[in-house]
Amino acid sequence: MPLLKNNTLISDIWIHAGADDQLPEAGDVIVPFARLLREFETLSRRNGKLGVVFPNGDRAETLATFLPRLSVVVLPFPAFNDGRAYSLARQLRGFGYRGEIRATGNV
């Protein structure tokens, strides 16, 4: 799936895994937050970068302890007029997160 980054369409090199999908032994992977909570020890030992899809209904504080290990946080926009993900992004930066923050959905 293409990714718009710096006003340019690029290929997304990250593997997007679902809650129960088999993970490759190596490679950069993005998982749902529920899976990160459930399998953090295993995920953090993988060979590759780790990212998470963080639902905008959760509080940013619940992700704070994981931030040092995360290279990307994906924030969904379920509707065009739902700006909660903007607030989450600001809070993540306030926690000192300097990794990539992505928006997905109806931005």
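This text goes with the structure placed above it.
This is a predicted model, so every value here is computed, not measured.

(A) Geometry of the overall build of the protein. Regarding its fold elements, the protein presents 3 helices and 7 strands. Beginning at the N terminus, the succession of helices and strands in the protein can be written as β-β-β-β-α-β-α-β-α-β. Across its three principal directions, the C-alpha atoms of the protein cover 40 × 30 × 25 Å. Here the protein holds 107 residues, and the buried ones make up 35% of them. A sequence separation of at least 24 residues applies to 38% of the contacts in the protein between residues at least 6 apart. When the accessible surface of the protein is summed, it comes to about 6,600 Å², and 53% of that surface belongs to carbon and sulfur atoms. For the protein, the centre of its 13 positive side-chain charges and the centre of its 11 negative side-chain charges are spaced 7 Å apart.

(B) Expanded view of the pairing of strand β6 (residues 72-77). Taking burial as the measure, the 6 residues of β6 include 5 buried ones, the bulk of the element. Here strand β5 (residues 50-53) pairs with β6 via 3 bridges, running parallel. For V52, the partnering residue across the bridge sits in β6 and is V73. In this sheet, strand β7 (residues 100-105) lies alongside β6 in parallel orientation, the contact comprising 6 bridges. For V73, the partnering residue across the bridge sits in β7 and is I101.

(C) Main features of the environment of R102. Among the structural elements, R102 can be located in strand β7. When the C-alpha positions of R102 and V73 are compared, they lie 6.2 Å apart, and in sequence the two are 29 residues distant. Those residues in contact with R102, other than ones at most four positions away along the chain, are L3, D12, W14, H16, I30, V72, V73, V74 and L75. Within the local environment of R102, its side chain forms a polar contact with the side chain of D12, the two groups lying 3.1 Å apart.

(D) Seen up close, the side chain of R46. Note on placement: R46 falls in the loop between α1 (33-44) and β5. No salt bridge is formed by the buried R46; the nearest opposite charge belongs to D28, separated by 6.7 Å. Ignoring any residue separated from it by four or fewer positions in sequence, one finds R46 in contact with L23, P24, E25, A26, G27, V29 and R69.

(E) Geometry of the sheet that holds β5. The 5 strands are arranged β3-β4-β5-β6-β7 in an open sheet whose pairing can be described as parallel. Strand pairing shows two members of the sheet lacking a second neighbour, β3 (15-16) and β7, which therefore form its edges. Against the sheet, α1 engages β4 (29-32) and β5, with an angle of about 130° to β4. Helix-sheet contacts for helix α3 (residues 84-94) involve β6 and β7, and the interaxial angle to β6 is about 160°.

Procedures and definitions
Residues numbered from 1 in each chain as written. Predicted model: local features only at pLDDT ≥ 70, side-chain atom pairs only at ≥ 80, totals over all residues. Heavy atoms only, no water. Helix = DSSP H or I, 4+ residues; strand = E, 2+ residues; numbered from the N terminus. Buried < 20%, exposed > 50% of the residue type's maximum accessible area, 1.4 Å probe, protein only. Contact = heavy atoms within 4.5 Å. Areas by Shrake-Rupley, 256 points an atom, 1.4 Å probe, with all protein chains shown as cover. Lys, Arg positive; Asp, Glu negative; His and termini not counted. Charge placed at Lys NZ, Arg CZ, Asp CG, Glu CD. Pairing = 2+ DSSP bridges. Polar contact = N/O pair within 3.5 Å; in protein donor to acceptor, adjacent residues only side chain to side chain. Salt bridge = Lys/Arg side-chain N within 4 Å of Asp/Glu carboxyl O. Axes fitted to C-alpha atoms, helices over the stretch in contact; angles between N-to-C directions.

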